[in-house]
Amino acid sequence: VNRGIGREDGLPRPTMRAGMRVSMKLVAVCLLVCVGSEDPIKKEGECSPSTVDGAEHSAAPSLAPVELIAKKRDGGELSREEIVGFVMGFHRGEIPDYQMTAMLMAIYIKGCTALETAHLTHAIVQSGEVLDLKSLGATVDKHSTGGVGDKVSLALAPLVASLGLVVPMMSGRGLGHTGGTLDKLESIAGFRTNLTSDEMVKNLQEIGVCITGATSTVAPVDKRMYALRDVSATTSSLPLIVSSIMSKKIAEGAEALLLDVKTGSGAFLKDMEASLELGRLLVAAGHRAGRKTLAVITSNDEPIGRAVGNREELLEAAEVLAGRGPSDLVELVRVQCALMLHLTDKYASSFHAALDACDGNIANGQGMVVLERLVDRQGGDPRAIKRFLRREWDAPKHTLVVSSPGGGYVHSIDSFAVGRSGVAI
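These lines cover the structure that appears in this document, whether it is placed above or below. Predicted, not measured: the structure shown is a model, and the values here were computed from it. (Residues numbered from 1 in each chain as written. Predicted model: local features only at pLDDT ≥ 70, side-chain atom pairs only at ≥ 80, totals over all residues. Heavy atoms only, no water.)

**A short note on the overall build of the protein**
To keep things clear, this is the line we draw: Note on conventions: DSSP H or I runs of at least 4 residues are helices, E runs of at least 2 residues are strands, and numbering of each starts at the N terminus. Throughout, a residue-residue contact means that at least one pair of heavy atoms, one from each residue, lies within 4.5 Å. Note on areas: Shrake-Rupley, 1.4 Å probe, and residue coverage restricted to the protein chains presented here.
A count of helices and strands for the protein gives 17 helices and five strands. Contacts in the protein between residues far apart in sequence, at least 24 positions, make up 78% of those at least 6 positions apart. When the accessible surface of the protein is split by element, carbon and sulfur atoms take 53% of a total near 18400 Å².

Dropping the structure here:
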């Protein structure tokens, strides 16, 4: 696990003992650095970052669409011009749905190189606007591939913003057996998750953070491509996952990205090798776009924290910022906050200094202050957070208490089963 990691990194060398979830999280952070320390694209012969601001909307494939589909079907590597031309042709309506579906299936079966994946990401970015946030200062964002009980972003985004960074977070809704960040925030009456680009920028200027869904002008072709993936059984293709995630993250304008790849029974990727490969591809796409990018592999064999459910997970996230909360969730928020700071010039020299800063703004309540401002700015009642912490809410209509018939301890909890139960409820 520690292969390639030395003490000069400034990162702790955690130990792992059976049954210690927090240690598992820290071991996963070591895997993060292994994934993010090298750009796989450089090994493929092209190492200079490309910009996503260039005008490439007029790019056209050198081959006819059917020839490009055949080339990928037969295992060929598509060039940047061919990929951009195909995607933009689909975006303009020149390439029909059935040919895009055929290309998606060819990619699913034959895969893509890291360079092709980066080009595909770039092409999707080019279909819409790219937010320019340079005037706001240091910008950094985080994305999670999703897991059961994953409420980390709800505490992480305001905590990072309270330390002077700008966090433009575009999040998603529940998918499959996992809950979505936007769904959890909407457990606060009135909270808006559909900000326009102008509203996003205003939030970032005034409080340093926003959490919203993707706007209609950011990577618009991705929505159409995802709809075709959904009906053609190609959603699990790693290159297509990477291009969908990274296109929106790049277009939102953040200079640095932390990517949390969940692995285990509650995650979409169940085994470590597939999770590592996804992490490598995400990092390669970020580097290719000129973003500082790290990917962390974290365990979701058990639910994160003690609660699963929209309101209950928002409460647990608030408890972290109030100086309490489950130890595994606290550790994930602390370490990921420090890593986001570490990606910026201010804390680049010392991970431990970044971690101390995160602890300080939990202890002094500044992270909580920013969370309340975020709720207020996006249409919710900022007092709702304090009411949640006091458990001042309507009692559930139905309650079922499951008691153990004897003494003992919980050996494990199946994340996937818990997630499915949450969806059923």
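**With respect to the sheet that holds strand 4 (residues 256–263)**
Hydrogen bonding along the main chain pairs the strands of a sheet, whether they run parallel or antiparallel. To keep it simple, the criterion reads: Criterion used throughout: strands pair if DSSP finds at least two bridges between them. Interaxial angles span 0 to 180 degrees and are taken between N-to-C directions of axes, which are lines fitted to C-alpha atoms, for helices over the stretch in contact.
Sheet architecture is open: three strands sit in the order 1-4-5, paired in parallel fashion. Whereas interior strands pair on both sides, the edge strands pair on one side only; in this sheet they are strand 1 (140–144) and strand 5 (292–299). Averaged over neighbouring strand pairs, the angle between their axes works out to 20° when direction is ignored. On the sheet, helix 13 (residues 327–342) packs against strand 1, strand 4 and strand 5 and is oriented at approximately 150° with respect to strand 4.

**Digging into the pairing of strand 4**
Filter applied, for reference: Accessibility here uses a 1.4 Å probe with only protein chains present; expressed as a share of the type maximum, an area under 20% marks a residue as buried, one over 50% as exposed, and anything in between as partly exposed. If you view a crossover with the strands going away from you and the path from the first strand over the helix to the second runs clockwise, you call it right-handed.
Across the eight residues that make up strand 4, a large majority, eight, are buried. Side-chain alternation along strand 4 places Ala256, Leu258, Asp260 and Lys262 on one buried face and Leu257, Leu259, Val261 and Thr263 on a second face that is also buried. Bridge count between strand 1 and strand 4: five bridges; the pairing is parallel. Each bridged residue has a counterpart across the sheet, and for His143 the counterpart in strand 4 is Leu259. Of the pairings in the sheet, the one linking strand 4 to strand 5 comprises eight bridges and is parallel in character. Pairing of Leu258 across the sheet is with Leu294, part of strand 5. In this fold, the crossover linking strand 4 to strand 5 by way of helix 11 (residues 272–288) has right-handed handedness.

**Considering the pattern of salt bridges**
Note the cut-off: Salt bridges are defined as contacts in which a side-chain nitrogen from Lys or Arg sits within 4 Å of a carboxyl oxygen from Asp or Glu.
Considering all chains together, one arrives at 23 salt bridges under this definition. Lys71 is the salt-bridge partner of Glu82, the closest N and O atoms lying 3.0 Å from each other. In this pair, Glu82 is assigned in helix 3 (residues 80–91) and Lys71 in helix 2 (residues 65–73), connecting sequence segments 11 residues apart. For Glu82, a relative accessible area of 5% corresponds to the buried category. The exposure class of Lys71 is partly exposed, given its relative accessible area of 28%. The structure contains a network of salt bridges with shared partners spanning Asp141, Lys249 and Glu252.

**Let's talk about the nonpolar core**
Formally: Each nonpolar core is a collection of buried residues, namely Ala, Val, Leu, Ile, Met, Phe, Trp, Tyr and Cys, held together in the definition by side-chain atoms within 4.5 Å.
With 58 residues, the main nonpolar core has Val160, Ile188, Val209, Cys337, Leu341 and Ile385 as its most contacted residues. In terms of residue count, helix 13 provides more of this core than any other element does, 10 residues in total. Beyond its immediate sequence surroundings of up to four residues, Cys337 is in contact with Leu156, Leu159, Val160, Leu163 and Cys358. Within the second largest apolar cluster, 55 residues are counted, among which are Ile245, Ala254, Leu269 and Ile297.

**Quick word on the environment of Leu182**
Along the chain, the position of Leu182 falls in helix 7 (residues 181–185). For Leu182 and Asn310, which are 128 residues apart along the polypeptide, the C-alpha to C-alpha distance reads 9.2 Å. Residue contacts for Leu182: discarding those within four places in its chain leaves Ser171, Gly172, Arg173, Thr193, Ile211, Thr212 and Gly213.

**Regarding the packing of aromatic side chains**
Filter applied, for reference: Centres within 6.5 Å make a pair out of two Phe, Tyr or Trp rings, where for Trp the six-membered ring is used; the pair is then stacked when the planes are under 30 degrees apart, edge-to-face when over 60, and tilted otherwise. Lysine and arginine charges are scored as sitting over a ring when NZ or CZ, respectively, is within 6 Å of the ring centre and within 35 degrees of the ring normal.
Going through the model one piece at a time under the given rule, you end up with zero aromatic pairs. One Lys or Arg, Arg224, reaches over the ring of Phe90 and ends 3.9 Å from the middle of that ring.

**A word on the packing of helix 5 (residues 114–126) against helix 11**
Selection rule: In these notes the angle categories are as follows: under 35 degrees is roughly parallel, over 145 is roughly antiparallel, 65 to 115 is roughly perpendicular, and the rest is oblique. Should the near helix be turned anticlockwise from the far one by less than a right angle, the crossing is termed left-handed; should it be turned clockwise, right-handed.
Packing of helix 5 against helix 11 brings their axes to within 9 Å, and their N-to-C directions diverge by 60°. Relative to helix 11, helix 5 is oriented oblique. The two elements helix 5 and helix 11 meet at a crossing, and its hand is right-handed. Two secondary-structure elements touch here, helix 5 through Ala114, Thr117, Ala118, His119 and Thr121 and helix 11 through Leu281, Ala284, Ala285 and Arg288.

**Some points on empty space enclosed by the protein**
How we decide: Definitions used for this entry: grid spacing 1 Å over protein atoms alone; cavity, a set of points where a 1.4 Å probe fits but cannot get out; pocket, an open set with protein on both sides within 12 Å along at least 5 of 7 lines; lining residue, one with an atom within 4 Å of a point. Grid points are joined across faces, edges and corners, and a volume is the space filled by probe spheres set on the points. Asp, Glu, Lys and Arg are counted as charged, while Ala, Val, Leu, Ile, Met, Phe, Trp, Tyr, Cys and Pro are counted as nonpolar; the rest, among them Gly, fall into the polar class.
Under the criterion given, the structure shown has two cavities of 30 Å³ or more. The space that makes up the largest cavity amounts to roughly 110 Å³. For the largest cavity, the lining is made up of 13 residues, of which Leu78, Ile83, Met103, Ile107 and Leu120 are closest to its centre. Of all elements in the fold, only helix 3, helix 4 (97–110) and helix 5 reach the threshold of two or more residues within the lining of the largest cavity. Among the elements that take part in the lining of the largest cavity, helix 4 stands out by supplying four residues, more than any other. Residues of the lining of the largest cavity, tallied by class, amount to 12 nonpolar, no polar and one charged.

**Some words on the environment of Ser216**
Along the polypeptide, Ser216 turns up in the loop between strand 3 (209–212) and helix 9 (220–231). In this structure Ser216 comes out as exposed when scored by relative accessible area, which is 67%. For Ser216 and Glu129, which are 87 residues apart along the polypeptide, the C-alpha to C-alpha distance reads 9.6 Å.

**Considering the environment of Ala189**
Here Ala189 is to be found in the loop between helix 7 and helix 8 (197–207). Overall, the relative accessible area of 66% leaves Ala189 in the exposed class. Sequence separation of Ala189 and Gly379 is 190 residues, and the distance between their C-alpha atoms is 8.3 Å. Beyond its immediate stretch of four places on either side in the chain, Ala189 contacts Gly379, Gly380 and Asp381.

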